[in-house]
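# Analysis of the macromolecular model
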Amino acid sequence: MMRQARRALLLGGTGDALKIARQLGPGHVYSLAGLGKVPDDLRCTVRVGGFGGSDGMARYIEAERIGLVIDATHPYAAQISANAVHASRAARVPCWALRREGWQPQAADDWRMVGDWAELSGALAPFAKPLFTLGREPLAHLDEIPPHQFWTVRCLDHEEGNSRARILAARGPFTLEGERALFRAEAFDVVVSKNSGGSATEAKLEVARELGLPVVMLRRPVLPDVDREFAQVSEVLQALGEFSQA
Ligand code: NAP
């Protein structure tokens, strides 16, 4: 009997996921939500858009004869990570995850940890010029900006700001020199961040450290247990090589 190729479904939307996707041969599937750039130079199949919840993903896994789900989504994309675990259990295939380590505060760093938007806006109350670097969520709060604050919101969206907010549409990676120039020009007094980890967006923390600025840090969501967890792209690729040959 001819052995069936073992197909992986890679859930992405991060730079690390794209590094894995670049190594996947035809037969494997790279899945994106469709918010960012869709690569057109991969050898694997690229699919775009939601599955319709975990039931939809389970149906997809079965219909496409997927043998392994790899969650390489962003550490704050908690819904798709939960869906991946539920769907792979329902479809009886293993679920792996790439969970890169978060950044750690250094000795003189002033990190103020918050769990949600209400805590975040409370922590920002003493400040006048925050730089938001946690995606599009602040865009929903532009009409709540206190009179003593002017916000800079850096995200992927090209949107109009208002008299109290400037939207800076930009995509990482960000360099140390670039961040230094931005902080110098805008005189931010606090940085708002997710603890994304990795090097692509870390320079802002170094500049905050240099300038002695506090960082309001949104805590990571708790993600579900998976069958195998990896911290590095190279570890995933090695395990995937072994899986494909098994
Ligand atoms: P989320 O809240 O966990 O997911 C919302 C819904 O989007 C999911 O239920 C799923 O829809 C769909 N989805 C998300 N990732 C998908 C994927 N790789 N393939 C197919 N469908 C996907 O996610 P989010 O925080 O909005 O982030 C969306 C995407 O952007 C993620 O893929 C993530 O890796 C990337 N991203 C997120 C952040 C962040 O800070 N959250 C930062 C950088 C990149 P259905 O339920 O219909 O299947």
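Residues numbered from 1 in each chain as written. Predicted model: local features only at pLDDT ≥ 70, side-chain atom pairs only at ≥ 80, totals over all residues. Heavy atoms only, no water.

## Topic: the layout of surface pockets
- Looking at the second largest pocket, its volume works out to about 190 Å³.
- Along the walls of the second largest pocket sit 15 residues, with P75, L98, R99, R100 and R220 positioned nearest its centre.
- Its residues placed into classes, the lining of the second largest pocket shows five nonpolar, four polar and six charged. (1 Å grid on protein atoms, 1.4 Å probe; cavity = no way out; pocket = protein on both sides within 12 Å on 5 of 7 lines; lining within 4 Å. Points joined across faces, edges and corners; volume = space filled by probe spheres on them. Nonpolar A, V, L, I, M, F, W, Y, C, P; charged D, E, K, R; others polar.)

## Re the domain arrangement of the protein chain
- Here the protein chain is partitioned into domain 1 (7-100 + 222-245) and domain 2 (111-218).
- Summarising the inter-unit geometry, the C-alpha centres of domain 1 and domain 2 are found 30 Å apart.
- Between domain 1 and domain 2, the contact holds six residues from the first and seven residues from the second.
- Both faces considered, domain 1 and domain 2 share a buried interface measuring about 530 Å² in area, 54% of it formed by carbon and sulfur atoms.
- The largest per-residue losses of area from domain 1 upon contact with domain 2 belong to K37, Y76 and R100, which jointly make up 75% of the total buried on that side.
- Connecting domain 1 to domain 2 are zero salt bridges.
- Applying the counting criterion to the domain 1 and domain 2 interface returns five residue pairs in polar contact (both at pLDDT 80 or more).
- For the side of domain 1 that touches domain 2, the residue count by class is two nonpolar, two polar and two charged. (Domains from an automatic or database assignment. Contact = heavy atoms within 4.5 Å. Buried area = accessible area lost by both parts, 1.4 Å probe. Salt bridge = Lys/Arg side-chain N within 4 Å of Asp/Glu carboxyl O. Polar contact = N/O pair within 3.5 Å; in protein donor to acceptor, adjacent residues only side chain to side chain.)

## Re unusual backbone geometry
- Residues G172 and P173 are joined by a peptide bond in cis, for which omega reads 5°.
- Of note, P173 is situated in the loop between β9 (165-169) and α5 (176-186).
- For R65, which is not a glycine, the phi torsion comes out positive at approximately 55°.
- Along the polypeptide, R65 turns up in the loop between α2 (53-63) and β4 (66-71).
- For R65, a relative accessible area of 58% puts it in the exposed group.
- Backbone geometry at R92 places phi at a positive 60°, although glycine is not the residue there. (Helix = DSSP H or I, 4+ residues; strand = E, 2+ residues; numbered from the N terminus. Buried < 20%, exposed > 50% of the residue type's maximum accessible area, 1.4 Å probe, protein only.)

## Regarding the site of the ligand
- Not every one of the 22 residues close to the ligand is listed here, only the nearest: G12, S31, F51, I80 and K194.
- Within the backbone of G52, an N or O atom sits 2.9 Å from an oxygen atom of the ligand.
- At a separation of 3.0 Å, an oxygen atom of the ligand approaches a polar backbone atom of Q79.
- For the ligand, the protein covers 72% of the area, taking 810 Å² as the surface of the free molecule.
- Every element with two or more residues in the shell around the ligand is listed here: β2 (29-32) and α3 (78-91).
- It is α3 that contributes the most residues to the shell around the ligand, four residues altogether.
- Here the shell around the ligand is built from residues that sort into eight nonpolar, twelve polar and two charged. (Near = heavy atom within 4 Å. Areas by Shrake-Rupley, 256 points an atom, 1.4 Å probe, with all protein chains shown as cover.)

## Comments concerning the pairing of strand β1 (residues 7-11)
- Most of β1 is tucked away: five of the five residues are buried.
- Bridge analysis of β1 against β4 gives five bridges, and the strand direction is parallel. Residue L9 lies in a different strand from β4, and its bridge partner there is V69.
- As defined by bridge partners, β1 adjoins β2 across three bridges and the pair is classed as parallel. By the bridge assignment, L10 is partnered in β2 with Y30. (Pairing = 2+ DSSP bridges.)

## Some remarks on the environment of P138
- Among the structural elements, P138 can be located in the loop between β7 (130-133) and β8 (151-155).
- Judged by relative accessible area, P138 falls into the buried class, the value being 0%.
- Once the C-alpha coordinates of P138 and C155 are considered, the two residues, 17 residues apart in sequence, prove to be 9.4 Å apart.
- Sequence-distant contacts of P138, that is, excluding residues within four places in its chain, are made with W117, F132, W151 and V153.

## A few points about the packing of α5 against helix α6 (residues 203-211)
- Axis separation between α5 and α6 bottoms out at 9 Å; the angle between their running directions is 50°. Between α5 and α6, the interaxial angle falls into the category oblique. Read as a crossing pair, α5 and α6 show a hand that is right-handed. Contact residues: α5 offers L176, E179, R180 and F183, while α6 offers A203, K204, E206, V207, A208, E210 and L211. (Axes fitted to C-alpha atoms, helices over the stretch in contact; angles between N-to-C directions. Parallel < 35°, antiparallel > 145°, perpendicular 65-115°, else oblique. Left-handed = near helix turned anticlockwise from the far one by under 90°.)

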